[in-house]
Amino acid sequence: MDLAWGDEKTRQFITNVGLVTSRGPFGDNIMACEWTHHVSYSPGLVAVCIGPGKATHANIKSSKEFGIGLASTEQAAISSIAGGNTGSEVDKIKVLKEFGYRFSQAKKINALMVEGAVLNLECKLFKEIPLGDHTMFVGEVVEASINQDKRPLALHGGKYGQVVHDIQKPSQNDRDKISAVIAKYRKNMTG
């Protein structure tokens, strides 16, 4: 079965917004990528899933590297511009600069990085995996910087939001009860 773009079922996922930067046949480019995932601690690996017809796809295939900026709550407009246009037809970097957004040259890859992002990651291509109608590009992080005073932008149901930390974890008493029940049903792996 397909899970179509824009279908109510696919809109139930809560995702971050990765601002994927690259340099290649389409020049400097940026795209908004809600399928941005941290997939390994050691080595540090991050995956982005990108459609084959995208300028970013061609840039990464050519350059074997890319940047990821996790968009902050102040960067909804960047996400809308970067996600609503194609780099094969529009110089999105110039558009964003005209709106006052700033970029800096990455330290260890040949791409621009988004200033003001919550987290910036510079990645060298580790693995490329065709998956259905997208390609997963797994990048090994070679440089990372965090912006502690920013909050990440979230996307759900086609709307931007932010994570609010107002749901309490279970109390210590509840956690103790959970641990007791887990101990009761622990599998004996010695037989």
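The structure we're discussing is the one just above.
Residues numbered from 1 in each chain as written. Predicted model: local features only at pLDDT ≥ 70, side-chain atom pairs only at ≥ 80, totals over all residues. Heavy atoms only, no water.

*Asks:* Talk me through the environment of Thr-10; I want residue IDs and the actual numbers.
*Replies:* When you line up the elements, Thr-10 lands in the segment before strand E1 (15-16). Between the C-alpha atom of Thr-10 and that of Ala-180, which follows or precedes it by 170 residues, the distance is 37 Å. In contact with Thr-10, not counting residues within four places along its chain, are Leu-3, Ala-4 and Trp-5. (Helix = DSSP H or I, 4+ residues; strand = E, 2+ residues; numbered from the N terminus. Contact = heavy atoms within 4.5 Å.)

*Asks:* Quick one: what's the story with the pairing of strand E11 (residues 153-156), residue by residue and with numbers?
*Replies:* As defined by bridge partners, E1 adjoins E11 across two bridges and the pair is classed as antiparallel. The partner of Thr-15 across the bridge, within E11, is Leu-155. As judged from the four bridges shared by E11 and strand E12 (residues 159-162), these two strands associate in the antiparallel manner. Each bridged residue has a counterpart across the sheet, and for Ala-154 the counterpart in E12 is Gly-161. The antiparallel pairing of E11 with E12 creates a hairpin that spans two residues between the two strands, and Gly-157 there sits at a positive phi of about 60 degrees. (Pairing = 2+ DSSP bridges.)

*Asks:* How would you summarise the sheet that holds strand E6 (residues 65-70) if you had to cite specific residues and measurements?
*Replies:* Strand order in the open sheet formed by seven strands is E3-E2-E6-E9-E10-E5-E4, and the pairing between neighbours is antiparallel. Edge positions in the open sheet fall to strand E3 (27-33) and strand E4 (36-40), since each of these has one partner strand only. Across this sheet, the average inter-strand angle for adjacent strands is 35 degrees, counted without regard to direction. Relative to E3, strand E2 (residues 18-24) is paired through seven bridges, and the arrangement is antiparallel. Along E3, the bridge assignment pairs Val-20 with Met-31. Sheet strands in contact with helix H1 (residues 55-63) are E2, E3, strand E5 (45-50), E6, strand E9 (119-131) and strand E10 (134-146), and its direction is about 55 degrees off that of E2. Sheet strands touched by helix H2 (residues 76-83): E2 and E3. Its angle to E3, the strand with the most contacts, is close to 110 degrees. (Axes fitted to C-alpha atoms, helices over the stretch in contact; angles between N-to-C directions.)

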